[in-house]
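# A structural walkthrough
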Amino acid sequence: MNNDPHDAIQRIVDSARALGVEMDEAEAIQWLTAITAVDHSVLAPDVDEESGIFAHRVVLLDFDPADLERLRRVAAIVEIEDRPGVETAIALSGSSAQSQVQTFPGDFDYFERVNIQAESKEEACAILAEVVRDKALASYAGPGYQLIEVRFGTYHDELIVGGEVQHPGGSISWAPAQVEDGGFVALTASGDPVMVDWAYASRDSGWVKFDWVLVDPAEPRAVKASNMLDVTWEDPEGAIVPLDGFIDPYYQEVYLDAESIPIFCKISAQMAPDALQHYVSQLEGEVRHYSCGDHANFGKAAKRMYNIFRLTGQFAEAAYIRELFDEPAALLYQVGALLDALVEIGSDPDTIERMILVTQTDELIRDVTLAAEGPLETDLVMALLRLRDDITGLNELGGAGWVTALREMQGNINVLVNATFEARLRAIPTVDAYLNGLEC
């Protein structure tokens, strides 16, 4: 059997063209040549001196620095800033870092390493609680952005919050007003009220994440932005301990400031020898989640499969998946991103200037006509027209009606994206075999 990777690329290029996927053979071979030269076991980052960014070489192969100004403007809103005893490194995360892969990104995902130098772990946790609350209050709202959720702390008891049972170990979700108030009232199993306050949450921070809705600096559209924190404590002897129990590897991140290399290297030196294997295993679990059951999302599965394949030597398959994110159906991620943003805004679309939302909706109507066809195209266009009328005030939907209408549209979008991506993925025998090998 011929295992020449160039022959594998040729077979996949031929298959892609048969499916109507435009794949540039010369570009695919150029990318293949570059990625096969990378030593994946080397954790030291590559630095782009001209742009001042750094990342694993595999990630830099897909990153286009043309968007740096825009990405740094959003980072200025979402990042935790250094303070005495707190050092940080902000990066793009996940598919956002693949600007040459995902031509039509739906949102801005950031990842920030936060290293806290303190005498004890308890002191580090108290400092983190202060840092997170200060950030939430400072970025509560501003020109073109609105904080919508903070994840901080874990439940220590079984409590009922908003009618839903929260189990011990579960992440605590904070609305901005609850952060401002410093706590909220929950119920015990017996119905007794109990206060969940910031001190309760700070006992075990768990995973920490911020979410905003904002106006894209590059064009008039509403998008979601997030910042996931990976927090470590550095004791007086220099030992580094992750507060959530695990130091995340960095195989998807593009760091936006070369001056943060020292903190990055200090923390990444603590990664386990099997960090790559652990990372791939984690991604495979996410692929399984997004390709099985009633809530399958093969678009999200494809993004994770791209990372798995490029990190495990299945380069021809990775090259094919790269092309799928330049297909018309990928435009629908921006429809989904708008709907997500509007759901988070709730019944008050004035959080983002209405004309920005109207313009964005008009552009998405055009995108749907390019990506869909038949009855589904008609249904989506009509739904977007109704959405446009709702935004401009021609129709008056209450809060519940507004969210219900948006969720219905999201369901229709997911049907189209799933059908498109699943068909394209399964059309390549090796990719189909990988999906079939997952235990759902």
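The structure contained in this document is the topic of the report that follows. Residue indices begin from 1 for each chain and proceed along its sequence in written order. Only residues with pLDDT of at least 70 get local features here, since the model is predicted, and only at 80 or more are side-chain atom pairs given and counted; chain-wide, interface and lining totals rely on the full set of residues. The side-chain figures draw on all heavy atoms in the structure; neither hydrogens nor water molecules are used.

Attention now goes to the packing of helix α2 (residues 25-36) against helix α11 (residues 315-324). A fitted line through C-alpha atoms serves as each axis, taken over the contacting stretch for helices, and the angle formed by two N-to-C directions is quoted from 0 to 180°. Only DSSP runs of H or I reaching four residues or more are called helices, and only runs of E reaching two or more are called strands; each is numbered from the N terminus. Between α2 and α11, the least distance of the axes is 10 Å, while the angle of their chain directions is 130°. Judged by the inter-axis angle, α2 sits oblique to α11. α11 is crossed by α2, and the crossing has right-handed handedness. Contacts from Glu27, Trp31, Leu32, Ile35 and Thr36 in α2 reach Phe315, Ala318, Ala319 and Arg322 in α11. For this classification, the nonpolar set comprises Ala, Val, Leu, Ile, Met, Phe, Trp, Tyr, Cys and Pro, the charged set comprises Asp, Glu, Lys and Arg, and every other residue, Gly included, is treated as polar. Residue composition of the contact of α2 with α11, by class: 6 nonpolar, 1 polar and 2 charged. For classification purposes, an angle smaller than 35 degrees is called roughly parallel, one larger than 145 roughly antiparallel, one from 65 to 115 roughly perpendicular, and anything else oblique. In this scheme, a crossing is called left-handed if the near helix is turned counterclockwise away from the far one by less than a right angle; it is called right-handed if the turn is clockwise. Residues are treated as being in contact if the distance between any of their heavy atoms lies within 4.5 Å.

The subject of this paragraph is the environment of Glu253. Counting through the fold element by element, Glu253 comes out in the loop between β14 (240-242) and β15 (254-255). In the structure, Glu253 is positioned 143 residues away from Tyr110 in sequence and 8.4 Å away in space, judged by C-alpha atoms. If sequence neighbours within four positions are ignored, Glu253 has contacts with Phe54, Ala55, Val59, Ala91, Leu92, Phe111 and Arg113. Here a polar contact is recorded for every N or O atom pair within 3.5 Å, except that within protein the pair must consist of a potential hydrogen donor and a potential acceptor, and residues adjacent in sequence are included only if both atoms are side-chain atoms. Among the polar contacts made by the side chain of Glu253, one reaches the side chain of Tyr255 at a distance of 2.2 Å.

Moving on: empty space enclosed by the protein. Any space left empty among the atoms is revealed by the rolling of a water-sized probe across them. Here a cavity means grid points, on a 1 Å grid over the protein atoms only, where a 1.4 Å probe fits yet cannot get out; a pocket means an open set of points with protein on both sides within 12 Å along at least five of seven lines; lining residues are those with an atom within 4 Å of a point. Grid points are joined across faces, edges and corners, and a volume is the space filled by probe spheres set on the points. Per the counting criterion, the structure on display carries 1 cavity of 30 Å³ or more. Taken as a whole, the largest cavity spans an internal volume of roughly 30 Å³. As for the largest cavity, its lining consists of Ser205, Gly206, Trp207, Val208, Leu229, Asp230, Val231, Leu243 and Asp244. Looking at the lining of the largest cavity, the element that brings in the most residues is strand β13 (residues 222-234), giving 3 residues. In terms of residue class, the lining of the largest cavity is built from 5 nonpolar, 2 polar and 2 charged.

By convention a nonpolar core is built from buried Ala, Val, Leu, Ile, Met, Phe, Trp, Tyr and Cys residues, the set being connected through side-chain atoms within 4.5 Å. Only protein chains enter the accessibility calculation, which uses a 1.4 Å probe; a residue whose area is less than 20% of its type maximum is buried, one above 50% is exposed, and one in between is partly exposed. By size, the foremost hydrophobic cluster in this structure holds 68 residues, and its most contacted members are Met305, Tyr320, Ile321 and Leu425. With 8 residues, helix α10 (residues 298-311) is the single largest residue contributor to this core. In this view, Tyr320 contacts Ile12, Ala16, Leu19, Val21, Met23, Arg424 and Ile428; residues no more than four positions away in its chain are not counted. Ile90, Ala129, Ala136 and Trp174 belong to the second largest nonpolar core, which has 54 residues in total.

Once that is clear, we can look at the packing of aromatic side chains. When the centres of two rings from Phe, Tyr and Trp lie within 6.5 Å, Trp using its six-membered ring, the rings pair. Their planes under 30 degrees apart give stacked, over 60 give edge-to-face, and anything left gives tilted. Summed over all chains, the structure comprises 9 aromatic pairs. On the numbers, 5.1 Å between centres and 75° between planes, the contact of Trp174 with Phe184 is edge-to-face. Here Trp174 is found in strand β9 (residues 171-174), whereas its partner Phe184 is found in strand β10 (residues 183-187), with 10 residues between them in sequence. Neither residue differs from the other here; Trp174 and Phe184 are each classed as buried. Residues Phe210 and Trp212 carry aromatic rings whose centres are separated by 5.6 Å and whose planes lie at 20° to one another, so their mutual orientation is stacked.

Quick look at the packing of helix α9 (residues 275-291) against α10 now. The geometry of α9 relative to α10 is characterised by a closest axis approach of 9 Å and an angle of 155° between their N-to-C directions. What the angle tells us is that α9 and α10 run roughly antiparallel. The two elements α9 and α10 meet at a crossing, and its hand is left-handed. For the pair formed by α9 and α10, the contact residues are Leu276, Tyr279, Val280, Leu283, Glu284, Glu286, Val287, Tyr290 and Ser291 on the first element and Phe298, Lys300, Ala301, Arg304, Met305, Asn307, Ile308 and Leu311 on the second. Classifying every residue of the contact of α9 with α10 by side-chain character gives 11 nonpolar, 2 polar and 4 charged.

Let us now look at the pattern of salt bridges. Every case where a carboxyl oxygen of Asp or Glu lies within 4 Å of a side-chain nitrogen of Lys or Arg is listed as a salt bridge. Counted according to the given criterion, the structure contains 17 salt bridges. One salt bridge in this structure joins Asp216 and Arg70, with 2.5 Å as the shortest N-O distance. Highlighted residues: Asp216 in the loop between β12 (208-215) and β13 and Arg70 in helix α4 (residues 68-78), separated in sequence by 146 residues. Here Asp216 and Arg70 have matching classes, each one buried. In this structure, the salt-bridge partner of Glu253 is Arg113, at a minimum N-O distance of 3.5 Å. Taken together, the residues Glu253 in the loop between β14 and β15 and Arg113 in strand β4 (residues 108-117) connect sequence positions 140 residues apart. Given a relative accessible area of 1%, Arg113 falls into the buried group. Several salt bridges share partner residues, and in doing so they unite Asp62, Arg310 and Arg322 into one network.

Counting through the fold element by element, Ser268 comes out in helix α8 (residues 261-268). Judged by its relative accessible area of 11%, Ser268 falls in the buried class. Looking at Ser268, its side chain comes within polar contact range of the main-chain oxygen of Cys265, at 3.4 Å.

As a further point, take the pairing of β13. Taken across its 13 residues, β13 has 12 buried, putting it largely inside the fold. Strand pairing requires that DSSP identify at least two bridges connecting the strands. Across 10 bridges, β4 lies against β13 in parallel orientation. Pairing of Glu112 across the sheet is with Leu229, part of β13. For β12 and β13, the ladder comprises 8 bridges, and the chain directions are antiparallel. In the sheet register, Val213 faces β13, and the bridge partner there is Lys224. The turn linking β12 back onto β13 is made up of 6 residues. Here β13 pairs with β14 via 3 bridges, running antiparallel. Bridge pairing in β14 links Glu234 to Ile240. Linking β13 back to β14 in an antiparallel pair, the connection comprises 5 residues, with Gly238 at a positive phi of about 95°.

Any link to function would need more than the numbers given here.
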